[in-house]
Amino acid sequence: MAAARKTKKSNISGEELKEHYRSMLLIRRFEEKAGQLYGMGLIGGFCHLYIGQEAVVVGLEASAKEGDQRVTSYRDHGHMLACGMDPKGVMAELTGREGGYSRGKGGSMHMFSAEKNFFGGHGIVAAQVPIGAGLGFANMYRGNDNVSFAYFGDGAANQGQVYETFNMASLWKIPVIFVIENNQYAMGTSMKRSSSTPDFYHRGAAFNIPGQAVDGMDVLAVKAAGEEAVKHCRSGKGPYILEMLTYRYRGHSMSDPAKYRTREEVQKIRQEKDPIDHVRDLLIEGKYATADDLKALDKEVKNIVSEAAEFAADSPEPAIEELYTDIYA
Amino acid sequence: MAIQILMPALSPTMEEGTLSKWLVAEGDEVTSGQVLAEIETDKATMEFEAVDDGKIGKLLVAEGTEGVKVNEPIAVLLEDGDSADDLGETKPTAKAEKPAKSGDTPTQAEKSETPKAPATVSADVVMEDIPEGTTFTSRTVRESLRDAMAEEMRRSGDVFLMGEEVAEYQGAYKISQGLLEEFGPKRVIDTPITEHGFTGIAVGAAFAGLNPIVEFMTFNFALQAMDHIINSAAKTLYMSGGQMGCPIVFRGANGAAARVGAQHSHDFAAWYSQVPGLKVVMPYSAADAKGLLKSAIRDPNPVVFLENEILYGRSFDVPDIEDFTVPIGKAKIWRSGDDVTIVSFGIGMQYALEAADRLAEEGISAEVIDLRSLRPMDTETIIKSVKKTNRCVTVEEGFPVCSVGNHISSVLMQQAFDYLDAPVINCTGKDVPMPYAANLERLALVTTDEVVDAVKAVTYR
Ligand SMILES: Cc1ncc(C[n+]2csc(CCOP(=O)(O)OP(=O)(O)O)c2C)c(N)n1
Ligand SMILES: [Mg+2]
């Protein structure tokens, strides 16, 4: 079985590197702003931030092509920004306003974009896994060479429907990439306390699905692994598993007492493994960018986020007639 | 200009909190993401992080201060180039704090508007089966549920609790607080996120004679486990000709919380009530939560015990009676009246009682019945009341089609037809998935106004 730990890096230009830096920074700043708006009561309910995990979606989106689909859990803001959805529309959905992607009816956890092939935004842990395989099934059925990305967490990886899906995906050679975002915790449960075996990338072995564990804090390693997985799927060989070793810096949602890990553990990863700092160092060391270039980029990103927040606060609430629309097609 | 740091809302239901501890001092340099303070909410103690880089100019609220309102300034942050002189002149953390343009109420006003249950049992309550001279202690629903489980776990070694985050995390909604400490990991069991699997395991353990309590983080996730609740737990006694029962409790938060959207806001009361072999309980008060949960744990049948997140923090008087239980299948009359019978259960009682108060001011006397149990249902109490008042309104948060209220209407039509002076009206949640937007969510839920209007309609006022 081809289940192995690899960290092959793809060759990459300075321009591309800068683009990844910018994409990751946009997610980070967007999420910080979302956390702030939540604190002010402009966002309600649950709000799961993606801070720390930015390299995963940014690296994988770099290996995707037009027409590929993606689907994920409630921790979805990063995925939406990375696939090119408008930060304004995403933020306005978080505030439950008319300008949001679901016109305010879905909220943080339930957002979609038919245009960008983003199929949600799912509130039920692991429900997106068979759905992701279904998107791949549709590609196979139509005979195109698109693939789908089904993102899910280490906690979700224990749900039964994941394994039902693995079996069928392998049996029918569905072109789907299962991306396990192993951030080590499912709410307050560390993966060690919920999983009988620690290596999620091995979990396809019984179904003959190849898997790789990838340093999910390194956007280049992610991109390289993504390219391999995509090649496998596009060539008709069936599904592929990528276990992304990553970390969430913030609480599970907004109300998280964080008693299950130490502040030192979080600090250590932030200091030693931060995906954005890593690329910043590469840019400076490789002389692809100066400190001033990056400062300008920071400013540009901050502006995009401020505009999104302003749009999200100014956009009106949905018209009350919307209560009864979209129930049936 | 200096930035005001505001007291954050750290949970969907938080209105105020305690600033337990400052982790920074005036003059400290902070970077975004750094933990500034520990804040205690109704559910947990949490860390609060900086959003901007800068220097702490001033701490405005001393540590240990209780009841700090959300959005109240708690500190001043000086940005690059600010000096202490800027302290006087501050701007809030973000200028985004503008109310929505349409909709008559801005998002912010939402929270304070949420109707409150009476803090204690009102004098009107018709207390049944509680001996005269009983004293009461004010307890939250949350504490009462925990007390019930703890008492039953002390009573019998066969009772155990399993579910997601019930042990080390102390429960996602802090219902199982302290149980791990008292009963240990053999009896308070954290499960992986595998509802179908662990529910099946619990049902098997119940077949073997143990008494599992299965906590669903919320009942939305019990949909994953539906097959075992219905096909395995509810039907086996019958299918085995009475040989093999399933003494199990399925409990957790049910129905809408606040702003959590369609997939997390579904009231399943009517669904479970449809299934022979299940008992279904949905308490409103803390006393009933405690007494009914104890009865449910002792019951030889599978009991679906539906709680409500919004009620968890509400306080009610709980009788100081040792081993206090409430029988399953018996309704309670909260308030007696002559003009109309309002029947509700769970959080619906909040609207029913508020409506009764308002109607009383207008001279309409409502009798309010809390069903407490949905299956078996105490239809006798409803019928008796309707024979007196001749009118009935039902109140629930669930969907209108095939609702609990529909069933009550049918029972009344068949068993009290000649006593009805008006058609029964069912007040329910709207026939739509729960929207996220604040204004639409408010419209989707049943309201006190709707109950008042319904009562006026059936009393022809
Ligand atoms: C079926 C189901 N069970 C439980 C929950 C509650 N819940 C939401 S997120 C979560 C933890 C999931 O952790 P993981 O899969 O590791 O993803 P992460 O949050 O770390 O991204 C839980 C238990 C849910 N939404 N759906
Ligand atoms: Mg996780």
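Refer to the preceding data block for the structure.
Residues numbered from 1 in each chain as written. Chains lettered and ligands numbered in written order. Predicted model: local features only at pLDDT ≥ 70, side-chain atom pairs only at ≥ 80, totals over all residues. Heavy atoms only, no water.

S.K.: In this structure, what is going on with the coordination of the magnesium ion (ligand 2)? I would like to understand it.
M.R.: In a perfect tetrahedron of four donors around a metal, the angles come out at 109.5 degrees. In a perfect octahedron of six, they are 90 or 180 degrees. Around the magnesium ion (ligand 2), the protein contributes the donor atoms Asp154 of chain A (OD), Asn183 of chain A (OD1) and Tyr185 of chain A (O), which lie 2.1 to 2.2 Å from the metal centre. According to the relative accessible area criterion, Asn183 of chain A is buried, its value standing at 5%. (Donors = N, O, S within 2.8 Å, 3.2 Å for Na, K, Ca; no water. Buried < 20%, exposed > 50% of the residue type's maximum accessible area, 1.4 Å probe, protein only.)

S.K.: Is there a simple way to think about the sheet that holds strand 22 (residues 392-395) of chain B in this case?
M.R.: Remark on secondary structure: sheet strands pair via backbone hydrogen bonds, oriented parallel or antiparallel. All names here are of chain B. Strands sit in the order 18-20-19-22-23 across an open sheet of five strands; the sheet is mixed. Edge positions in the sheet fall to strand 18 (332-335) and strand 23 (425-427), since each of these pairs with one other strand and no more. On average, each strand axis in the sheet is inclined to that of its neighbour by 25°, with strand direction left out of account. (Pairing = 2+ DSSP bridges. Helix = DSSP H or I, 4+ residues; strand = E, 2+ residues; numbered from the N terminus. Axes fitted to C-alpha atoms, helices over the stretch in contact; angles between N-to-C directions.)

S.K.: Can you walk me through the interface of chain A and chain B in this structure?
M.R.: How large an interface is tends to be reported as the accessible area lost when its parts come together. Contact with chain A, which involves 62 residues of that partner, is made by 70 residues of chain B. Summing both partners gives a buried area of about 5,200 Å² for chain A against chain B, and 55% of it is carried by carbon and sulfur. Broken down residue by residue, the surface that chain A buries against chain B is led by Met40, Glu317 and Leu323 of chain A, which jointly contribute 14%. Joining chain A to chain B, the criterion identifies four salt bridges. For Asp190 of chain B, the salt bridge goes to Arg193 of chain A, with nearest N and O atoms at 2.9 Å. Elements with a minimum of two residues in the side of chain A that touches chain B: helix 1 (14-39), helix 4 (87-94), helix 7 (191-194), helix 9 (263-273) and helix 11 (291-314) of chain A. Within the side of chain A that touches chain B, the residues separate by chemical class into 25 nonpolar, 22 polar and 15 charged. (Contact = heavy atoms within 4.5 Å. Buried area = accessible area lost by both parts, 1.4 Å probe. Salt bridge = Lys/Arg side-chain N within 4 Å of Asp/Glu carboxyl O. Nonpolar A, V, L, I, M, F, W, Y, C, P; charged D, E, K, R; others polar.)

S.K.: What exactly am I supposed to notice about the site of ligand 1 here?
M.R.: Looking at ligand 1, there are 22 residues lining it, with Tyr74, Arg75, Ala156 and Asn183 of chain A together with Glu195 of chain B nearest. Neighbouring residues of ligand 1 are not confined to one chain but are distributed across chains A and B. A distance of 3.0 Å is found between an oxygen atom of ligand 1 and a side-chain nitrogen or oxygen belonging to Asp154 of chain A. Between ligand 1 and Ala156 of chain A there is a distance of 2.8 Å, counted from an oxygen atom to a backbone nitrogen or oxygen. Notes on ligand 1: free accessible area 590 Å², of which the protein chains cover 96%. For the shell around ligand 1, the per-class residue count stands at ten nonpolar, eight polar and four charged. (Near = heavy atom within 4 Å. Polar contact = N/O pair within 3.5 Å; in protein donor to acceptor, adjacent residues only side chain to side chain. Areas by Shrake-Rupley, 256 points an atom, 1.4 Å probe, with all protein chains shown as cover.)

S.K.: It is not clear to me how helix 11 (residues 404-415) of chain B should be interpreted in this structure. Could you clarify?
M.R.: Two residues of an α-helix separated by three or four positions point the same way, owing to the 3.6 residues in each turn. All names here are of chain B. Along its twelve residues, helix 11 runs 17 Å from first to last C-alpha, staying within 8% of the 16 Å computed at 1.5 Å per residue. Restricting attention to buried positions, one finds in helix 11 the residues Val404, Gly405, Ile408, Ser409, Val411 and Leu412. An end-on view of helix 11 places all buried positions within 165° of arc, on one side of the element. With respect to the buried face of helix 11, the exposed residues turned more than 90 degrees away are Met413 and Gln414. Contacts from the buried residues of helix 11 go to helix 7 (269-273), strand 19 (340-344), strand 21 (373-375), helix 10 (379-389), strand 22 and strand 23. (Expected span 1.5 Å × (residues − 1). Arc of directions from axis to C-beta.)

S.K.: Looking at this structure, how should I read the state of the cysteines?
M.R.: Structurally, a disulfide amounts to a covalent bond that connects the sulfur atoms of two cysteines. All names here are of chain A. Tallied over the full model, the rule gives zero disulfides over all chains. Lacking any disulfide linkage, Cys47 is separated from the closest cysteine sulfur, that of Cys83, by 18 Å. Cys47 sits in the buried class, given a relative accessible area of 0%. Look at Cys83 and you get buried, because its relative accessible area is 11%. (Disulfide = S-S within 2.5 Å.)

S.K.: Is there a simple way to explain the environment of Arg155 of chain B in this structure?
M.R.: Residue and element names in this part refer to chain B. Looking at where Arg155 falls in the secondary structure, it is placed in helix 2 (residues 141-155). Residue Arg155 is classed as partly exposed on the basis of its relative accessible area, which comes to 44%. Note: C-alpha distance between Arg155 and Val386 (231 residues apart in sequence) is 40 Å. Setting aside residues no more than four positions away along its own chain, Arg155 makes contact with Ile297 and Arg298. Looking at Arg155, its side chain comes within polar contact range of the side chain of Glu152, at 2.6 Å.

S.K.: Sorry, what's going on with the sheet that holds strand 5 (residues 45-49) of chain B here?
M.R.: All names here are of chain B. Strand order in the open sheet formed by four strands is 5-4-2-7, with antiparallel pairing between adjacent strands. The strands lining the two open edges of the sheet, one partner per strand, are strand 5 and strand 7 (65-69). For this sheet, the mean inter-axis angle between neighbouring strands, taken without regard to orientation, is 40°. Sheet analysis places strand 2 (residues 16-22) next to strand 7, joined by three bridges and oriented antiparallel. Note that in strand 7 the partner of Gly17 across the bridge is Val68.

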